Amino acid sequence: MSTVDKMLIKGIRSFDPENKHVITFFKPLTLIVGPNGAGKTTIIECLKLSCTGELPPNARSGHSFIHDPKVAGETEMKGQIKLQFKTAAGKDVVCIRSFQLTQKASKMEYKVIESILQTINPHTGEKVCLSYRCADMDREIPALMGVSKAVLENVIFVHLDEANWPLQDSSTLKKKFDDIFSATRYGAYSSLDFCILCIVCIVRC
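A quick note: this is a predicted structure, and the numbers were derived from the prediction, not measured.

Q: I keep staring at the packing of helix α4 (residues 149-156) against helix α5 (residues 170-180) and nothing clicks. Help me out?
A: One can describe the packing of α4 onto α5 by two numbers: an axis separation of 8 Å at closest approach and a directional angle of 125 degrees. One way to sum up the angle between α4 and α5 is to call them oblique. Where α4 abuts α5, its residues Ala150, Val151, Asn154 and Val155 lie against Lys176, Asp179 and Ile180. Taken together, the residues that form the contact of α4 with α5 break down as four nonpolar, one polar and two charged.

Q: Would you explain the packing of aromatic side chains in this entry?
A: The description of two aromatic rings rests on the distance between their centres and on the angle between their planes. Under the counting rule described, the total for this entry stands at one aromatic pair. Between Phe99 and Tyr110 the ring centres are 6.1 Å apart and the planes differ by 20 degrees, which places this aromatic pair in the stacked class. Linking Phe99 in strand β4 (residues 92-103) with Tyr110 in strand β5 (residues 108-120), this pair joins segments that are 11 residues apart in sequence.

Q: Looking at this model, I keep getting lost on unusual backbone geometry. Mind explaining?
A: Trans is the prevailing form of peptide bonds, just as negative phi is the prevailing case for residues other than glycine. For the bond running from Lys27 to Pro28, omega is 0 degrees, close enough to zero to count as cis. Within the element layout of this structure, Pro28 appears in the loop between β2 (23-24) and α1 (40-52). Phi at Arg13 takes a positive value of approximately 50 degrees, unusual for a residue other than glycine. Its identity as a non-glycine residue notwithstanding, Ser61 has a phi of 55 degrees, on the positive side. Structurally, the position occupied by Ser61 is in the loop between α1 and α2 (69-72). For Ser61, a relative accessible area of 58% translates into the label exposed.

Q: In this structure, what is going on with the pairing of strand β6 (residues 127-131)? I would like to understand it.
A: Consecutive residues of a regular strand have side chains that alternate between opposite faces of the sheet. Note: β5 against β6, five bridges, orientation antiparallel. Each bridged residue has a counterpart across the sheet, and for Ile116 the counterpart in β6 is Ser131. With antiparallel pairing between neighbouring strands as the criterion, β5 and β6 make up a hairpin whose turn holds six residues, including Gly125 at a positive phi of roughly 80 degrees.

Q: Just checking my understanding: could you explain the environment of Ala88 for this structure?
A: Along the polypeptide, Ala88 turns up in the loop between β3 (76-86) and β4. Exposure remark for Ala88: the relative accessible area of 42% places this residue in the partly exposed category. Along the primary structure Ala88 and Thr3 are separated by 85 residues, whereas in three dimensions their C-alpha atoms are 8.0 Å apart. Apart from the residues lying within four places of it in its own chain, the contact partners of Ala88 are Met1, Ser2, Leu144, Met145 and Gly146.

Q: Can you walk me through α1 in this structure?
A: Count 3.6 residues to each turn of an α-helix, and residues three or four apart come out pointing the same way. Between its first and last C-alpha atoms α1 spans 19 Å; for 13 residues at 1.5 Å apiece the expected length is 18 Å, and the two agree. Taking burial as the measure, the 13 residues of α1 include 10 buried ones, the bulk of the element. Looking only at α1, the buried set comprises Thr42, Ile43, Glu45, Cys46, Leu47, Lys48, Leu49, Ser50, Cys51 and Thr52. Count one or two residues on from α1 and you reach Gly53, which has phi positive near 80 degrees.

Q: Even after reading the chapter, I still don't get the nonpolar core, so can you show me in this structure?
A: Nonpolar side chains in soluble globular proteins generally cluster together in the buried interior. Core analysis: the largest hydrophobic core is formed by 30 residues, its most contacted members being Met7, Ile9, Ile12, Ile43, Ile66 and Ile141. At five residues, the largest contribution of residues to this core is made by α1. Among all residues touching Ile66, those that are not within four sequence positions of it are Gly11, Ile12, Met77, Lys78, Gly79, Phe99, Leu101 and Tyr110. The next biggest cluster of nonpolar side chains, apart from the first, holds six residues, and it includes Val151, Trp165, Phe177 and Ile180.

Q: I keep staring at α5 and nothing clicks. Help me out?
A: Where α5 is concerned, the buried positions are Leu173, Phe177, Asp178 and Ile180. Considered in projection along α5, the buried side chains sweep an arc of 165 degrees and stay on one side of the axis. Summarising the geometry of α5, the exposed residues directed more than 90 degrees from the buried face are Ser171 and Lys175.

What counts, and where the lines are drawn
Residues numbered from 1 in each chain as written. Predicted model: local features only at pLDDT ≥ 70, side-chain atom pairs only at ≥ 80, totals over all residues. Heavy atoms only, no water. Axes fitted to C-alpha atoms, helices over the stretch in contact; angles between N-to-C directions. Helix = DSSP H or I, 4+ residues; strand = E, 2+ residues; numbered from the N terminus. Parallel < 35°, antiparallel > 145°, perpendicular 65-115°, else oblique. Contact = heavy atoms within 4.5 Å. Nonpolar A, V, L, I, M, F, W, Y, C, P; charged D, E, K, R; others polar. Phe/Tyr/Trp six-rings, centres within 6.5 Å; stacked < 30°, edge-to-face > 60°. Buried < 20%, exposed > 50% of the residue type's maximum accessible area, 1.4 Å probe, protein only. Pairing = 2+ DSSP bridges. Expected span 1.5 Å × (residues − 1). Core = buried A, V, L, I, M, F, W, Y, C linked by side-chain atoms within 4.5 Å. Arc of directions from axis to C-beta.

Shown next, in the form of structure tokens:
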């Protein structure tokens, strides 16, 4: 079973660009508590972004996700998320995603500047870093964790603003279920199965 161990957040939302405080996730349960604006939701957003590459729904294409350069009196601000997790095979992996927000003459420009997976060579004990394109990284991490991207997005790290998806219209809901249960791989399910899934999700909400 895959587990999330540690995470370091820099320059994201309320987390300072020079932040060095590592968040440790304990087993079997970690509770995140704090006042409004402390960064509780940001932790979940960063977990989801690290694992799936998906920005949160209110990030304005990344412009409100990274520290605002104007607030810091800079023309450029960098953010970074480092996530250490164990793969489904029990191997330690560190995912590093780095971002940049630049103040241009008339607009802000957001871009991903680095996507790296870091592992340990079992024979030499040395760190091995592999650089990925974003799309490849977004596929690689769910595969290493042994869980689909749809489950990570809609179940495990679902954002507070998107948690009511089981109450959406039937066509949207069916597509979500198709993705979560990989229904297209096994053929269509019956109307009764679909109704039961809907009832279960609504009750859980």
